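# Structural description and commentary
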Amino acid sequence: MARPAWSEPALPLPVLSVSRAALLRFLLAALVIALLPLLFDNPYYLTIFQGMAITYLVVLGLNLLMGYTGVASFGQAGFVAIGAYVAVLLTKRLDQSFWVGLLVGPLAAALAGTLLAVPALRVRGPFLVMITAAFGLVVWQVANTWAPVTGGPMGISGIPRPAIGDFRFDARAYFYLVAFTALLAHALISNLIGSRWGRTLVAIRDAPTAAASLGVNVALWKVGVFTLSAYLAGLAGVFAGFRNPFLNSDSFRVAESLGYLLAAVLGGLGTVYGPVVGTVVLAAIPHVFAPLYDHQLLVRGALLVVTMLVLPRGIVGSLGTFRGLAARLTGRLQAPPAIPWAPALPPAATAANGPLLESRKVTMLFGGLRALDGVDLTIAARQIHGLIGPNGSGKTTLVNVISGIYRPTSGSVVLAGRPIDQLPAHAIARRGLVRTFQTPNLFRDLLVIENVLVGFHTHLRRGFAHHLLRTRAAIAEEREAAARALGLLEYFGLADRAFVPAGSLPYGLQKLLEIARCLAAGPVLLVLDEPAGGTNPAEVERVVAILNRLREAGVSVLVIEHHMDVIEALCQRVTVLDFGRVIAEGTPQQVLTDPRVIEAYLGAPVGGVGEVAPR
Ligand code: ADP
Ligand code: MG
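This is a predicted model, so every value here is computed, not measured.

Helices and strands together make up the secondary structure of the protein, namely 26 helices and 12 strands. Its C-alpha radius of gyration of 28 Å places the protein within 12% of the 25 Å reference for a compact globule of 615 residues. Dimensions along the principal axes, computed over C-alpha positions, put the protein at roughly 90 × 55 × 45 Å. Counting all 615 residues of the protein, 54% fall into the buried class.

And the structure:
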């Protein structure tokens, strides 16, 4: 079905758009890089600086993965090894130049990353850590034992220095090459983090289910970030491979993976400058713990544990001046003038033929428990449809089924004439069914306005390359989206809170924000799970006022609610569930006087229909 899309602005050429402050920071960093080998002019320091620049590339990718997306990897050294061996073998065996290796090595690592991520991301938590650790170990073992190709522990020798024409990169020039590549990577990744990309990653980290319910293909995004982090590790690998004339498997031990992890955590996960600080500290560790030089695994492991216990937010995260993502994004969004918002009706919601949503014989089993038992539900367009029933009667489960969080055990669900019961949550959201959660499921670390912006996810068109390069088109789109988000927040009376982290809102406002976020998606059907649940009377009034305005605008809504007066005031039709079955359906008056409904509710320890929270 056609969805309302942003008016496409005439696309200017993808010209880089760089703020003066960003340019200044970039030039300052370039100056530091240029001066380092001149100030510390000896081969020993040069080796250390090279190592830091190489490590930084890995940690940058790992921070993107762990810090922003919340996906752990214990096996980055495996990708470094793949980048290194592929590039070195290309030169040694196939007579290719360093530059071909620089192109192909990281791509090979990225491919390995994709292949590993697809199965690995199906599992969670400790298993993912184990899979990535196993991967790192396997790559090292292969490098160590496949002697005919990798040279095993003896290694490959006679690796040529990179050259351009007659110019051979000596140690200092090589440092410049690596360090300026790292700086460029830093700038590009910062662009991504400050864009829709970074926002989506943090959304996935904070509340993956909510992100999916707004149309984000969470699995695909995770595979994408995993691949990108593997690419960066592979890039580091190429530089590591050509650093010396000699390469063996020692550089890719598990202790290396642990070092990258330590640098990312110690620096501060999810901060822009954490990887810089972490890399510097990591480089200093062998000197500080010189007597333990041969026990890097032990030292790094111990430091990692200590860091996670005493400094879980890392050095940069604990400084507090950065306030994570929030402060940085505020600077970038710069509160544009709001574009007033009003509910826009997608074509499907206005089409009068047939019901908007229809469930037939939907059954959901949890083990032996029949949470839903043959539920038939028909929702007409442009109505507010109530769903009530005692606690545990299956209301939330029904919402989870129709929004794709659960796949029904049996039965069918049709939205605007098309079956959706086999679709994943993000695909259902893209069809226009968008829902809130009984307990607010906000992206707590994102700003209020950013939560709404994630709601716009499926409407934003500028992709990876635009945000990586921070093109004018990408910025124009972000500005317009921010202006619309502000308008939407004004509609909800939340504009004065637009630039605070969503997690800091009072409970009632969190529930309102969740509704606003859904409306940003331009839903065909808006599904609200107890929008006024757990809120105080003033907040209930605000929710009711909003729902009234939506009703007048003709937005189609399915609402679960315990306040019967709210149901009576708002709903054209009501369906009643009890023990997973539909026991009544009709107008609020019909339903609330139905003997079966009264009986279901009178099982409650107190009162009758109307005054009480049901059992
Ligand atoms: P309601 O929203 O009407 O209060 P729910 O849909 O949350 O009710 O729950 C219906 C029944 O299904 C309850 O008995 C609940 O314990 C059970 N249930 C809900 N979700 C799950 C789950 N993920 N696993 C097992 N049982 C569940
Ligand atoms: Mg519920």
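Past the structure itself, the notes keep going.
Moving on, we get to the coordination of the magnesium ion (ligand 2). Coordination of the magnesium ion (ligand 2) by the protein is provided by Thr396 (OG1) and Gln438 (OE1), with metal-donor distances spanning 2.0 to 2.1 Å. Here threonine 396 is found in helix 17 (residues 395–402), whereas its partner glutamine 438 is found in the loop between strand 8 (433–435) and helix 19 (448–455), with 42 residues between them in sequence.

Around ligand 1 sit Phe366, Leu369, Ala371, Pro390, Asn391, Gly392, Ser393, Gly394, Lys395, Thr396, Thr397 and Tyr406, and those are all the residues in its vicinity. For ligand 1, an oxygen atom lies 2.8 Å from a polar atom in the side chain of lysine 395. Between an oxygen atom of ligand 1 and a side-chain N or O atom of threonine 396, the distance comes to 2.8 Å. Its free accessible area being 560 Å², ligand 1 has 63% of it covered by the protein chains. Looking at the shell around ligand 1 element by element, the count peaks at 3 residues for helix 17. Across the shell around ligand 1, the residue classes break down as 5 nonpolar, 6 polar and 1 charged.

Strands sit in the order 4-3-6-7 across an open sheet of 4 strands; the sheet is antiparallel. This sheet does not close on itself; its edge strands, each paired only once, are strand 4 (369–379) and strand 7 (418–419). Sheet strands in contact with helix 17 are strand 3 (357–366), strand 4 and strand 6 (410–415), and its direction is about 65° off that of strand 4.

Applying the stated criterion across every chain, the model contains 22 aromatic pairs. Centroid distance phenylalanine 167 to phenylalanine 169: 5.1 Å. Interplanar angle 65°. Geometry classified as edge-to-face. Through a chain of ring-to-ring contacts, three or more aromatic side chains come together here, namely Phe40, Tyr44, Tyr45, Phe49, Phe175, Tyr176 and Phe180. Cation over ring: arginine 435 sits above phenylalanine 437, and NZ or CZ is 4.0 Å from the ring centre. The aromatic ring of phenylalanine 443 is capped on one face by arginine 517, whose charged end is 4.4 Å from the ring centroid.

Whenever strands of a sheet pair, they do so through backbone hydrogen bonds, lying parallel or antiparallel. Taken in spatial order, the 6 strands make up an open sheet running 8-9-10-5-11-12, and their pairing is mixed. Of all strands in the sheet, those with a lone pairing partner are strand 8 and strand 12 (581–586), marking the two edges. Strand-to-strand twist across the sheet, computed as the mean angle between neighbouring axes with direction ignored, equals 20°. Across 4 bridges, the pairing between strand 5 (residues 384–388) and strand 10 (residues 557–560) is parallel. In the strand pairing of strand 10, isoleucine 384 is matched with valine 557.

What follows deals with the environment of valine 254. If you trace the backbone, valine 254 turns up in helix 11 (residues 254–267). For valine 254, a relative accessible area of 30% corresponds to the partly exposed category. C-alpha separation for the pair valine 254 and glutamate 599, spaced 345 residues apart in sequence, amounts to 64 Å. If near-sequence neighbours (up to four positions away) are discounted, valine 254 is found in contact with Leu137 and Leu297.

Definitions and limits used
Residues numbered from 1 in each chain as written. Chains lettered and ligands numbered in written order. Predicted model: local features only at pLDDT ≥ 70, side-chain atom pairs only at ≥ 80, totals over all residues. Heavy atoms only, no water. Helix = DSSP H or I, 4+ residues; strand = E, 2+ residues; numbered from the N terminus. Rg over C-alpha atoms; globule rule 2.2 N^0.38 Å. Buried < 20%, exposed > 50% of the residue type's maximum accessible area, 1.4 Å probe, protein only. Donors = N, O, S within 2.8 Å, 3.2 Å for Na, K, Ca; no water. Near = heavy atom within 4 Å. Polar contact = N/O pair within 3.5 Å; in protein donor to acceptor, adjacent residues only side chain to side chain. Areas by Shrake-Rupley, 256 points an atom, 1.4 Å probe, with all protein chains shown as cover. Nonpolar A, V, L, I, M, F, W, Y, C, P; charged D, E, K, R; others polar. Pairing = 2+ DSSP bridges. Contact = heavy atoms within 4.5 Å. Axes fitted to C-alpha atoms, helices over the stretch in contact; angles between N-to-C directions. Phe/Tyr/Trp six-rings, centres within 6.5 Å; stacked < 30°, edge-to-face > 60°. Lys NZ or Arg CZ within 6 Å of the ring centre and 35° of its normal.

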